[in-house]
Amino acid sequence: SRVVVSAIPLLPFRASALHYRWTVNNRETQSGSSNQLIFSVNEPPGGFQEVSVEIVNAAQTLQIRRALEIPVANPQVLVYEDKYNLVAKNQQTFSPGQTIKLIALPYFFSSKTQALAYRWQFLNNEVVGSGEEPNVLEAVAPEQNLFGRIFRSSLNLVVQNPAENLERAQIVLPLSIQ
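One structure accompanies this document, and this report is about it. Computed from a prediction, not measured in an experiment: that's the story for all the values here.

**Overview of the overall build of the protein chain**
Item 1. When helices and strands are tallied, the protein chain shows 0 helices and 14 strands.
Item 2. When the elements of the protein chain are put in sequence order from the N terminus, they spell out β-β-β-β-β-β-β-β-β-β-β-β-β-β.
Item 3. The C-alpha radius of gyration computed for the protein chain amounts to 23 Å, which surpasses the reference 16 Å derived for 178 residues by more than 25%, pointing to a less compact arrangement than a globule.
Item 4. Expressed along its principal axes, the backbone C-alpha trace of the protein chain runs to roughly 80 × 35 × 25 Å.
Item 5. Burial statistics for the protein chain: of 178 residues in total, 33% are counted as buried.
Item 6. Of the contacts formed within the protein chain by residues at least 6 apart in sequence, a portion of 59% connects residues at least 24 apart.

The following block contains the structure:
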C-alpha cells in the first residue's frame, strides 16, 4: 500500500531553510528539503512500519527528531449510500420496486479504487455494478407483494486486487424489503 507521511514543523524558520532526513525501519530513505515522504508497504498485515524524520535548520543550530509507528492493516471495504455523506451501512431496508444505490469504498489496498475487482452477489446470484464505476451498485428491489411480511436476505461484496491475490476484503450487508 502507498503511505504518505508529512512533517509540519511549527518553527520560526522558512520551510526552504529546513533539511529533512527520513528513515523507514531505521533505513534512510530520503534526505532533502521535502517535508513529505511517500513510500510503499509490501508487508503482511499485523506488523508495522517505523517512520522517523529528523529536521535540521541551515545553520544546524536546531535539530528535532520525531518517530511514529504505522500499523499494517488488512484491506477493508465499507458500503455507503451517498459519497457526499459517508455514513457506513450495516444493514439496509428497501420498499418493493425502490431503486438501490450503494457505493463501496475500499481501504488499505495498494491499487486505486477503479483498478480493483468488485463482485456483488444477492441471493447467490452475481449482480453487476454500474460499468464505469464497478464500486457502485445500482439496482431495483424486487417488486412482489409481500402481503405485509418482511423479506430478509443479504448482499455480499468481495473486493480484490487483481495484481495482489492476498489483497481481498469482504462485507455482508443484511437487506430487508418490506
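**A look at the side chain of N57**
Item 1. Looking at the element boundaries, N57 is found in strand β5 (residues 48-57).
Item 2. Residue classification places N57 among the buried positions, given a relative accessible area of 4%.
Item 3. In terms of polar contacts, N57 uses its side chain to reach the backbone amide nitrogen of L62, at 3.0 Å.
Item 4. Once residues within four sequence positions are removed from consideration, N57 is found in contact with F13, A17, L18 and L62.

**Focus: the packing of aromatic side chains**
Item 1. As enumerated under the stated definition, the model contains 1 aromatic pair in all.
Item 2. Considering the side-chain rings of Y107 and F108, the 6.5 Å spacing of their centres and the 55° angle between planes classify their relative orientation as tilted.

**Quick notes on the nonpolar core**
Item 1. In this structure, V77, L102, Y118, W120, L155, L157 and V159 are the most contacted members of the largest nonpolar core, which totals 21 residues.
Item 2. Secondary structure elements with two or more residues in this core: β7 (76-80), β9 (99-107), β10 (117-122), β13 (151-161) and β14 (164-177).
Item 3. Tallying contributions element by element places β14 first for this core, with 5 residues.
Item 4. Beyond its immediate chain neighbours, meaning those up to four positions away, V159 contacts V77, P106, F109, L116, A117, Y118, E167, R168 and A169.

**Things to note about the pattern of salt bridges**
Item 1. A complete count under the given rule lists 2 salt bridges for this structure.
Item 2. In this structure, the salt-bridge partner of R21 is E28, at a minimum N-O distance of 3.1 Å.
Item 3. For R21, a relative accessible area of 31% translates into the label partly exposed.
Item 4. R21 is the salt-bridge partner of E54, the closest N and O atoms lying 3.7 Å from each other. Placement of the pair is E54 in strand β5 and R21 in strand β2 (residues 18-24), with a sequence separation of 33 residues.

Conventions used here
- Residues numbered from 1 in each chain as written.
- Predicted model: local features only at pLDDT ≥ 70, side-chain atom pairs only at ≥ 80, totals over all residues.
- Heavy atoms only, no water.
- Helix = DSSP H or I, 4+ residues; strand = E, 2+ residues; numbered from the N terminus.
- Rg over C-alpha atoms; globule rule 2.2 N^0.38 Å.
- Buried < 20%, exposed > 50% of the residue type's maximum accessible area, 1.4 Å probe, protein only.
- Contact = heavy atoms within 4.5 Å.
- Polar contact = N/O pair within 3.5 Å; in protein donor to acceptor, adjacent residues only side chain to side chain.
- Phe/Tyr/Trp six-rings, centres within 6.5 Å; stacked < 30°, edge-to-face > 60°.
- Core = buried A, V, L, I, M, F, W, Y, C linked by side-chain atoms within 4.5 Å.
- Salt bridge = Lys/Arg side-chain N within 4 Å of Asp/Glu carboxyl O.

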